[in-house]
Amino acid sequence: MSYKLNRRRLKKIYNRLKNLPRGVNFFKYTFNKIDGFLLKAAKSTKVPFPSSIMLEVTNHCNLACITCPREYAYGDAMDKGTIDSGSMYKVIDEVAPYIDSIGLTGLGETLLYKKLEETLRYIKEKNKGIQTFISTNAHIPNADVYIEKMAPYLDTVQISIDGVHKIYETVRAKSDYSAFIETTKKIAAVCKRHGVAVMFNFVAIKENFRQMKDVVEIASGLGIGHLNITPVNLAGITAWGADYYDLFYGDDFKNEIKQAYEAARRSGTVNLTIWDIKKKNEFKKCHLPWNHFYVSWDGWMTPCCAKPFPKELNFGNVFQTSLMRCLNSKEYRAFRQMWYDNTTPDFCKKCHVVDLKPLELDVDIILN
């Protein structure tokens, strides 16, 4: 097994380097990178201004996917709502000189938020090199029209696809596969016209893993050049035990992954990526305590995007104080010390980064 570079990531890096901050913000950006390097070298629990954040614009959703933690006990208990734009702009202002990418996404359906265009424009006015990202289930009426309006300020659209035909509708409850395909065709055409990257994301479970190669073929047929496959993350799914991960150790799953890679190779157009299947799984494998931070719609700083439930664990409210105060709070620094000690927090148990064992596959892996 060998590893290849991810073309999508390389393109994002190239686009960012073309549009680095200018003037005084260039020095802020550069010194922040140096500060991060020095803090890491010193094994400090402090972090510099982040390079990436996710802002959950809403946690309302029009589907009820069985892979989504919002459909289980933690999700039942969470408060639901839509982000306040003024509070969100306050966070964007704070990080704008330092940030490389901002994702406007979370547990909900992003396109339900009707201020995406103005928010994305606001980000690009700060610095057009900041990479912007949204995700969608492609079930919002006129989604392509909405995305066309925001396309000048958008870099990547991720579309969730967890199977084909009836399996898709089983996994993504309340969905319509035919409508999904038609909407995705239109979104892909819009993105192609405007130079916006579009990618599929596939969450593998027992119901759909035999369709991974089929999804590769769907991506190829729709002109979607990127497909990421990830195993279901059980950290936030209270109804399933960690033994569910046994699915991924079997020869059937490994064979299906190989077939998916072969289908991608034959297509000549689909860049297939998967999670890091080789590195030992443990808390120290997780990069999220250090970067790619998640802010809930109501301002809470949660540990990760796989289990973004502030009632379970949070490190303060960025709307009430500031992002950096939350990131370097006593509680968050204690959490990072656990990372250095390689002691898995109770909050992180059942996460696939921690509890899914490495796999041995005889293919050229491209990591996400």
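Just so we're clear, the structure is a prediction, and the values are computed from it rather than from any experiment.

K.L.:
Tell me about the pattern of salt bridges, residues and numbers included.
P.N.:
What the rule picks out here adds up to 16 salt bridges. Of the charged contacts in the structure, one is a salt bridge between Glu117 and Arg121, with a shortest N-O distance of 3.7 Å. One end of the pair is Glu117 and the other is Arg121, both in helix H5 (residues 116–126) and four residues apart, which spans about a single turn. Glu117 gets classed as partly exposed once you look at its relative accessible area, which sits at 27%. Classification of Arg121 as partly exposed rests on a relative accessible area of 29%. Notably, a salt bridge pairs Glu262 with Arg266, separated by 3.9 Å at the nearest N-O pair. Remark: Arg266 and Glu262 occur in helix H10 (residues 251–267); sequence separation between them is four residues, near one turn of the helix. With relative accessibility at 31%, the residue Glu262 sits in the partly exposed group. Assessed through its relative accessible area of 53%, Arg266 is described here as exposed.

K.L.:
Would you mind going over unusual backbone geometry in detail, with residue names and values included?
P.N.:
One non-glycine residue with positive phi stands out, namely Lys174, at about 75°. Mapping Lys174 onto the fold places it in the loop between strand E7 (172–173) and helix H8 (177–194). Using a relative accessible area of 67% as the deciding quantity, one classes Lys174 as exposed. In this structure, Lys350 takes a positive phi of about 80° despite not being glycine. You can see Lys350 is positioned in the loop between helix H12 (330–341) and helix H13 (352–355).

K.L.:
Now, about empty space enclosed by the protein: what can you tell me, with residues and values included?
P.N.:
Within the structure shown, the criterion is met by one cavity of 30 Å³ or more. Taken as a whole, the largest cavity holds about 40 Å³ of empty space. Of the residues contributing to the lining of the largest cavity, the split by class is five nonpolar, no polar and two charged.

K.L.:
Kindly report on a nonpolar patch on the surface, identifying the contributing residues and their values.
P.N.:
There is a patch of nonpolar side chains on the surface, built from Phe26, Phe27, Phe31, Ile34, Phe37 and Leu38 and spanning about 640 Å² of accessible area. Along the chain, the position of Leu38 falls in helix H2 (residues 24–41).

K.L.:
Would you mind going over the packing of H5 against helix H6 (residues 143–150) in detail, with residue names and values included?
P.N.:
In the contact formed by H5 and H6, the axes pass within 9 Å of each other and the chain directions differ by 25°. Put simply, H5 runs roughly parallel to H6. For the crossing formed where H5 meets H6, the hand is right-handed. Across the interface between the two elements, Leu116, Glu117 and Leu120 from H5 touch Tyr146, Lys149 and Met150 from H6. Looking at the contact of H5 with H6 residue by residue, the class counts come to four nonpolar, no polar and two charged.

K.L.:
Run through the nonpolar core, naming residues and quoting values.
P.N.:
Generally speaking, nonpolar side chains in soluble globular proteins are found buried as a group. Leu104, Phe200, Ile229 and Met301 are the most contacted members of the largest nonpolar core, which has 107 residues in total. For this core, the element with the highest residue contribution is H8, accounting for seven residues. Leave out the neighbours within four places in its chain, and Phe200 touches Ile159, Ile161, Phe180, Thr184, Val215, Ile218, Ala219, Leu222, Ile224, His226, Leu227 and Asn228. Met54, Cys65, Cys68 and Tyr294 belong to the second-largest nonpolar core, a separate cluster that totals eight residues.

K.L.:
Report on the sheet that holds strand E10 (residues 271–274), specifying residues and quantitative values.
P.N.:
What links the strands of a sheet is backbone hydrogen bonding, and the strands pair in either a parallel or an antiparallel sense. Strand order in the open sheet formed by nine strands is E10-E9-E8-E6-E5-E4-E2-E11-E12, and the pairing between neighbours is mixed. In this open sheet, the two strands that pair with only one neighbour each are E10 and strand E12 (301–302). In terms of strand pairing, strand E2 (residues 52–55) meets strand E4 (residues 101–104) through four bridges, oriented parallel. Opposite Ile53, over in E4, you have Ile102 as the bridge partner. Running at roughly 155° to E10, H10 makes contact with strand E8 (197–204), strand E9 (226–231) and E10 of the sheet.

Cut-offs applied
Residues numbered from 1 in each chain as written. Predicted model: local features only at pLDDT ≥ 70, side-chain atom pairs only at ≥ 80, totals over all residues. Heavy atoms only, no water. Salt bridge = Lys/Arg side-chain N within 4 Å of Asp/Glu carboxyl O. Helix = DSSP H or I, 4+ residues; strand = E, 2+ residues; numbered from the N terminus. Buried < 20%, exposed > 50% of the residue type's maximum accessible area, 1.4 Å probe, protein only. 1 Å grid on protein atoms, 1.4 Å probe; cavity = no way out; pocket = protein on both sides within 12 Å on 5 of 7 lines; lining within 4 Å. Points joined across faces, edges and corners; volume = space filled by probe spheres on them. Nonpolar A, V, L, I, M, F, W, Y, C, P; charged D, E, K, R; others polar. Patch = residues over 30% accessible without salt bridge, like charges linked within 9 Å, V, L, I, M, F, W, Y side chains within 5 Å. Areas by Shrake-Rupley, 256 points an atom, 1.4 Å probe, with all protein chains shown as cover. Axes fitted to C-alpha atoms, helices over the stretch in contact; angles between N-to-C directions. Parallel < 35°, antiparallel > 145°, perpendicular 65-115°, else oblique. Left-handed = near helix turned anticlockwise from the far one by under 90°. Contact = heavy atoms within 4.5 Å. Core = buried A, V, L, I, M, F, W, Y, C linked by side-chain atoms within 4.5 Å. Pairing = 2+ DSSP bridges.

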